[in-house]
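# Descriptive analysis of the structure
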Amino acid sequence: MGPGTGSPTPPATGVTAGQPAPAAHLQAHLQAHCAVTLQRLYEWLQTSIPQAPQVAGVIPLLVQAVQLYRAGRYEACLAQIQYALGVVAPGRPMVPLL
C-alpha cells in the first residue's frame, strides 16, 4: 500500500457532524450567561449608584468577575457575580436586580 491509500479514520464517537461538542456547547452557554449578566449589572449600577452610593463597594468584586470572563473562566466568573450580589443584598433574591 502506498501513502494515502489506507482506510479513512473513523469519525469521533458521540459527536454529531455539524453540532458542537457538549463541553463546547456548555462553555458557549456559560460565556453568554456571563456576558448578559455582567451587562445587566453594569446597567443596574449606573442607575443604582446615584440613589445608593454605598452600592459602589461592589465594583471591585465585579471588576474581578470581568477579569475572569476575559480569561475564559466562566464558571468562576458566575461564582464571583453570585458573591458580589450576596454582598450587595445578603439573603435577598437577586432576580429583581437583573
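Procedures and definitions
Residues numbered from 1 in each chain as written. Predicted model: local features only at pLDDT ≥ 70, side-chain atom pairs only at ≥ 80, totals over all residues. Heavy atoms only, no water. Helix = DSSP H or I, 4+ residues; strand = E, 2+ residues; numbered from the N terminus. Contact = heavy atoms within 4.5 Å. Areas by Shrake-Rupley, 256 points an atom, 1.4 Å probe, with all protein chains shown as cover. 1 Å grid on protein atoms, 1.4 Å probe; cavity = no way out; pocket = protein on both sides within 12 Å on 5 of 7 lines; lining within 4 Å. Points joined across faces, edges and corners; volume = space filled by probe spheres on them. Nonpolar A, V, L, I, M, F, W, Y, C, P; charged D, E, K, R; others polar. pLDDT = per-residue confidence, 0-100. Buried < 20%, exposed > 50% of the residue type's maximum accessible area, 1.4 Å probe, protein only. Polar contact = N/O pair within 3.5 Å; in protein donor to acceptor, adjacent residues only side chain to side chain. Expected span 1.5 Å × (residues − 1). Arc of directions from axis to C-beta. Core = buried A, V, L, I, M, F, W, Y, C linked by side-chain atoms within 4.5 Å.

For the rest of this paragraph, the subject is the overall build of the protein chain. When helices and strands are tallied, the protein chain shows 3 helices and 0 strands. For the protein chain, the α and β elements follow one another from N to C terminus as α-α-α. Taking all contacts inside the protein chain whose residues are at least 6 apart in sequence as the whole, residues at least 24 apart take part in 56%. Of the accessible surface of the protein chain, which amounts to about 7,000 Å², a share of 61% is contributed by carbon and sulfur atoms.

Approximately 220 Å³ is the volume found for the largest pocket. As for the largest pocket, its lining consists of Ala35, Leu38, Gln39, Leu41, Tyr42, Leu45, Ile59, Leu62, Val63, Val66 and Tyr69. Those elements that place two or more of their residues in the lining of the largest pocket are helix H1 (22-48) and helix H2 (59-70). Considering only residue class, the lining of the largest pocket consists of 10 nonpolar, 1 polar and no charged.

Taken residue by residue, the protein chain gives an average pLDDT of 78. The fraction at 70 or more is 68%. Put simply, H1 is where the protein chain has its lowest mean pLDDT, 90, and H2 is where it has its highest, 96. Counted against residues more than four places away or in other chains, residues 1-16, with its pLDDT under 50, gives 1 contact. For residues 93-98, every residue scores under 50 in pLDDT, and the model assigns this stretch 8 contacts once sequence neighbours within four places are set aside.

Inspection of the secondary structure assignment puts glutamine 80 in helix H3 (residues 74-88). Since its relative accessible area comes to 14%, glutamine 80 is described here as buried. Among the polar contacts listed, one links the side chain of glutamine 80 to the side chain of glutamine 64, at a separation of 2.9 Å. Dropping the residues within four chain positions of it, glutamine 80 is found in contact with Leu61, Gln64, Ala65 and Leu68.

With that settled, the discussion passes to H2. The first and last C-alpha atoms of H2 sit 16 Å apart over 12 residues, in line with the 16 Å expected at 1.5 Å per residue. Looking at H2, one finds that the buried residues are Leu61, Leu62, Ala65 and Leu68. An end-on view of H2 places all buried positions within 110° of arc, on one side of the element. Away from its buried face by more than 90 degrees, H2 exposes Pro60, Gln67 and Arg70. Two residues or fewer after H2 comes glycine 72, characterised by a positive phi angle close to 80°.

Our focus in this paragraph is the nonpolar core. Counting residues in each nonpolar core, the largest one holds 19 residues, and the members touching the most others are Leu41, Leu45, Val55, Val58, Leu62, Cys77 and Ile81. The set of elements that each furnish at least two residues to this core consists of H1, H2 and H3.

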